[in-house]
Amino acid sequence: MAGELAGVAPSILAADFARLGEQVAQVMDAGARVIHVDVMDGHFVPPISIGALVAGSIRDQVHEAGGVLDVHLMVERPERHIADFVAAGADSIAVHWEATPNVHYALKAVRDAGCNAGLAINPATSPEAVAGLAGAYDHLLCMTVNPGWGGQSYIESSTAKIARLRELLPDGMPIEVDGGIGVVTARVSGHAGATLFVAGSSIFGQLDPAHAYSEIAAAAAAI
């Protein structure tokens, strides 16, 4: 994989797609090395977002800057789509515990393709649910809002959940948090044990995405 899963990961879900390459360059010039791609299918979550073609369109730009393309599949039966995102240049692919009866198979398919395998869990899913998948994934993505919509507020009970996950997971395993992440919530979730902070509207929804990224990154680094 091109780099590490750590720091602040700007989510292109909130980007201006008419200026996608330009905005990705802005945050990467400011120091971002993980670019997050939120994929929604209109079934697992109500909205439809983007697919492998969009991920592939920024693959070379991200990799040439030494970055990681971090794909989050909010889709039913994610195992059916892994090969497409591998071909599109994904370095990391997260699949939802709730999205398939074949989650072990899906995670193995990600690893077998040479990608970092992420297990994602929704706010209502207990931290203890991940125990049965021990050893099957490389990082844990904890949703801190209900998946499907950008711009939501951080669910306050997520902080205790992150802390419990930190107790349950192996030392050094990255915990990615996604939803409502800004300067304050990056600091709060980081103190609880998060190590990778997905931020969409709090970066690309701002007048100066590079400055917004830098502020959140500084808050996360100060933990």
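Look up a bit, the structure's there.
This is a predicted model, so every value here is computed, not measured.

Undergrad: Describe the sheet that holds strand S2 (residues 34-40), and please don't skip the residues or the numbers.
TA: Pairing in this open sheet of eight strands is parallel, and the strands run S1-S8-S7-S6-S5-S4-S3-S2 from one edge to the other. Since the sheet does not close on itself, it has two edges, and those belong to strand S1 (7-10) and S2, each with one partner. Sheet twist, expressed as the average angle between the axes of neighbouring strands with direction ignored, equals 25°. The pairing of strand S5 (residues 116-121) with strand S6 (residues 139-143) spans four bridges and is parallel. Note that in S6 the partner of alanine 120 across the bridge is leucine 141. The strands touched by helix H5 (residues 158-168) within the sheet are S5, S6 and strand S7 (175-178), with S6 carrying the most contacts at an inclination of about 165°.

Undergrad: Go over H5 with me, naming the residues and quoting the values.
TA: Along H5, the residues classified as buried are Ser158, Lys161, Ile162 and Leu165. Buried residues of H5, viewed axially, fall in a sector of 100°; they line one side. Summarising the geometry of H5, the exposed residues directed more than 90 degrees from the buried face are Ala160 and Glu167. Where H5 is buried, its residues meet S5, S6, S7 and helix H6 (183-192).

Undergrad: Could you give an account of the pattern of salt bridges, with specific residues and numbers?
TA: Where charged atoms from two side chains of opposite charge come close, those side chains can pair. Counting across every chain of the model gives eight salt bridges. Residue aspartate 112 is joined to lysine 108 by a salt bridge in which the shortest nitrogen-to-oxygen separation is 2.7 Å. Of this pair, aspartate 112 and lysine 108 both sit in helix H4 (residues 103-112), separated by four residues, roughly a single helical turn. Between glutamate 128 and arginine 164 there is a salt bridge, with the nearest N and O atoms lying 2.7 Å from each other. Residue glutamate 128 is found in the loop between S5 and S6, and its partner arginine 164 is found in helix H5; the two are separated by 36 residues along the sequence. The class for arginine 164 is partly exposed, based on a relative accessible area of 32%. Connected through shared salt-bridge partners, Asp16, Arg19 and Glu22 make up one network.

Undergrad: I'd love a proper account of the side chain of histidine 36, names of residues and values included.
TA: With respect to the helices, strands and loops of the structure, histidine 36 is situated in strand S2. Owing to a relative accessible area of 0%, histidine 36 belongs among the buried residues under this scheme. Polar contacts involving the side chain of histidine 36 include one to the side chain of aspartate 178, which spans 3.3 Å. Those residues in contact with histidine 36 that lie beyond four places of it in its chain are Ala9, Pro10, Ser11, Ile12, Asp70, His72, Leu141, Glu176, Asp178 and Val198.

Cut-offs applied
Residues numbered from 1 in each chain as written. Predicted model: local features only at pLDDT ≥ 70, side-chain atom pairs only at ≥ 80, totals over all residues. Heavy atoms only, no water. Pairing = 2+ DSSP bridges. Helix = DSSP H or I, 4+ residues; strand = E, 2+ residues; numbered from the N terminus. Axes fitted to C-alpha atoms, helices over the stretch in contact; angles between N-to-C directions. Contact = heavy atoms within 4.5 Å. Buried < 20%, exposed > 50% of the residue type's maximum accessible area, 1.4 Å probe, protein only. Arc of directions from axis to C-beta. Salt bridge = Lys/Arg side-chain N within 4 Å of Asp/Glu carboxyl O. Polar contact = N/O pair within 3.5 Å; in protein donor to acceptor, adjacent residues only side chain to side chain.

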